Amino acid sequence: MRVLLEIELDTQTANGAVADGAVAEKFGRIMADLKPEAAYAFPRHGRRCQIIVVDVPDEAAVVAVCEPFWLEFNAHVDMHICMDPEQLAEGLRRLGR
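All values reported here derive from a predicted model rather than from experimental measurement.

**Student:** Mind laying out the nonpolar core, listing which residues take part and the relevant values?
**Tutor:** Membership of the largest hydrophobic core comes to 20 residues, with the highest contact counts inside it found for Leu-5, Ile-7, Val-54 and Phe-69. Setting aside residues no more than four positions away along its own chain, Ile-7 makes contact with Arg-48, Cys-49, Gln-50, Ile-52, Phe-69, Ala-75, His-76 and Val-77.

**Student:** Give me the lowdown on the sheet that holds strand 2 (residues 38-44), citing residues and values where you can.
**Tutor:** The 4 strands lie next to each other as 2-3-1-4, forming an open sheet whose pairing is antiparallel. Both edges of this open sheet fall to strand 2 and strand 4 (76-81), since each of them pairs with a single strand only. Averaged over all neighbouring strand pairs, the angle between strand axes comes to 20°, with direction disregarded. Two elements, strand 1 (residues 2-8) and strand 3 (residues 47-55), share 7 bridges in a ladder whose sense is antiparallel. When the bridges of strand 3 are listed, Leu-4 appears paired with Val-53. Packed onto the sheet, helix 3 (residues 61-73) meets strand 1, strand 3 and strand 4 and runs at close to 155° relative to strand 4.

**Student:** Can you explain a nonpolar patch on the surface? Please cite residues and give values.
**Tutor:** A cluster of nonpolar side chains, contributed by Met-83, Leu-88, Leu-92 and Leu-95, occupies part of the molecular surface with about 400 Å² of accessible area. Along the chain, Leu-88 falls in helix 4 (residues 85-95). You can call Leu-88 partly exposed: its relative accessible area is 40%.

**Student:** Run through the packing of aromatic side chains, naming residues and quoting values.
**Tutor:** The geometry of an aromatic ring pair is captured by two quantities: the separation of the ring centres and the angle between the planes. Counted according to the given criterion, the structure contains 2 aromatic pairs. Ring geometry for Phe-27 versus Phe-69: centroids 6.4 Å apart, planes at 50°, classification tilted. Taken as a pair, Phe-27 in helix 2 (residues 23-34) and Phe-69 in helix 3 lie far apart in primary sequence, 42 residues in all. Look at Phe-27 and you get buried, because its relative accessible area is 16%. Look at Phe-27 and Phe-73: their rings are 4.7 Å apart centre to centre, the planes differ by 25°, and that puts the pair in the stacked class. You can see Phe-27 sitting in helix 2 and its partner Phe-73 sitting in helix 3, a full 46 residues away along the chain. The pair formed by Phe-27 and Phe-73 is uniform in burial state, with each residue classed as buried. Through successive ring pairs, a cluster of aromatic residues spans Phe-27, Phe-69 and Phe-73. Above the ring of Phe-73, the side-chain terminus of Lys-26 is found at 6.0 Å from the ring centroid.

**Student:** An account of the environment of Pro-68 is requested, with residue identities and associated values reported.
**Tutor:** Counting through the fold element by element, Pro-68 comes out in helix 3. C-alpha separation for the pair Pro-68 and Phe-27, spaced 41 residues apart in sequence, amounts to 9.3 Å. Leaving out residues up to four positions away in the same chain, Pro-68 has contacts with Ile-30, Val-63 and Phe-73.

Calculation criteria
- Residues numbered from 1 in each chain as written.
- Predicted model: local features only at pLDDT ≥ 70, side-chain atom pairs only at ≥ 80, totals over all residues.
- Heavy atoms only, no water.
- Core = buried A, V, L, I, M, F, W, Y, C linked by side-chain atoms within 4.5 Å.
- Buried < 20%, exposed > 50% of the residue type's maximum accessible area, 1.4 Å probe, protein only.
- Contact = heavy atoms within 4.5 Å.
- Pairing = 2+ DSSP bridges.
- Helix = DSSP H or I, 4+ residues; strand = E, 2+ residues; numbered from the N terminus.
- Axes fitted to C-alpha atoms, helices over the stretch in contact; angles between N-to-C directions.
- Patch = residues over 30% accessible without salt bridge, like charges linked within 9 Å, V, L, I, M, F, W, Y side chains within 5 Å.
- Areas by Shrake-Rupley, 256 points an atom, 1.4 Å probe, with all protein chains shown as cover.
- Salt bridge = Lys/Arg side-chain N within 4 Å of Asp/Glu carboxyl O.
- Phe/Tyr/Trp six-rings, centres within 6.5 Å; stacked < 30°, edge-to-face > 60°.
- Lys NZ or Arg CZ within 6 Å of the ring centre and 35° of its normal.

Right, here's the structure in full:
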């Protein structure tokens, strides 16, 4: 299933990763593992944030998707199941109305 992750990095943890030069390697490794369909970075409320869209094959995979952000960046992660227009149309068709 396609999910949208909203990731907000802990500022102190991220500052350390930026200062020691590890931030690019850490994000590169996470992105290589997740193979996102889309990924965007931006500031929000003065914090480093990302929106990432990934495919999650089943519920158990949620652990592998979220843990790297928690472990590496002490991040706050919100996960939302999302649909493309065709999936939304199919869902509406299933309503039978």
